[in-house]
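Next come the chains, spelled out residue by residue.
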Amino acid sequence: MSQFGDQGGGIPFPPGATEDSPVFVISVAAQLSGLHAQTLRTYDRLGLVSPGRTAGGGRRYSARDIALLKEVQRLSQEEGVNLAGIKRIIELATEAERLRAEVEDLHRQLAAAHAAADHAAAAVHASYRRDLVPLRPQQTALVVWKPQPRQPRER
């Protein structure tokens, strides 16, 4: 699930396909998204939705692309956002998702580093010699010497 809601949206996937698999031709994607095929071509040209391509250059849309098309339409029609604004929203949402994944990865790395440090500390503690017995330190006194100020010598 990404920032644009339920990616499957009730769209049936072919066997072995995922929400990122580019499987739908433009006419099916247009029907599933409720948009005209020419609108999909325009969105592709503007970089709002970038479908996969076949070897011959034909567009193939994934379920994620279709959910994004619906979000573009919603932002445009219901929120009144222009296409440049929608493109920026998509870029920022994509960057936020990438950063979230990076933070999760850093959290995993930090947890692994903490575990390794704990393991190393346990190994050091286990290596301590148990045959040595600490003794109580003997009583000591601290003496502070304060010199008397010097008297000037008489001549």
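For the structure itself, consult the block above.
Here the structure is a predicted model, which is why all the values come from computation and not from measurement.

(A) Summary view of the pattern of salt bridges. The tally for this structure, following the rule as stated, stands at 10 salt bridges. A salt bridge links Glu-19 to Arg-64, with the nearest nitrogen and oxygen atoms 2.4 Å apart. Residue Glu-19 is located in the segment before helix H1 (26-33), and its partner Arg-64 is located in helix H3 (residues 63-77); the two are separated by 45 residues in the primary sequence. Residue Arg-74 pairs with Glu-71 through a salt bridge whose shortest N-O separation is 2.9 Å.

(B) Structural detail: the packing of H1 against H3. The N-to-C vectors of H1 and H3 enclose an angle of 50°; their axes lie 9 Å apart at closest approach. Relative to H3, H1 is oriented oblique. Note on packing geometry: the crossing formed by H1 with H3 is right-handed. On the side of H1, the interface is formed by Ala-29, Leu-32 and Ser-33, while H3 contributes Ile-66, Leu-69 and Lys-70. Per-class residue counts for the contact of H1 with H3 are four nonpolar, one polar and one charged.

(C) Fine view of H3. Over its 15 residues, H3 extends 21 Å from the first C-alpha to the last, a length consistent with the 21 Å expected when each residue adds 1.5 Å. Those residues of H3 that sit buried are Ala-63, Asp-65, Ile-66, Ala-67, Leu-68, Leu-69, Glu-71, Val-72 and Leu-75. Those residues of H3 that are buried are in contact with H1, helix H2 (37-46), strand S1 (52-53), strand S2 (59-60) and helix H4 (83-126).

So, how was this worked out
- Residues numbered from 1 in each chain as written.
- Predicted model: local features only at pLDDT ≥ 70, side-chain atom pairs only at ≥ 80, totals over all residues.
- Heavy atoms only, no water.
- Salt bridge = Lys/Arg side-chain N within 4 Å of Asp/Glu carboxyl O.
- Helix = DSSP H or I, 4+ residues; strand = E, 2+ residues; numbered from the N terminus.
- Axes fitted to C-alpha atoms, helices over the stretch in contact; angles between N-to-C directions.
- Parallel < 35°, antiparallel > 145°, perpendicular 65-115°, else oblique.
- Left-handed = near helix turned anticlockwise from the far one by under 90°.
- Contact = heavy atoms within 4.5 Å.
- Nonpolar A, V, L, I, M, F, W, Y, C, P; charged D, E, K, R; others polar.
- Expected span 1.5 Å × (residues − 1).
- Buried < 20%, exposed > 50% of the residue type's maximum accessible area, 1.4 Å probe, protein only.

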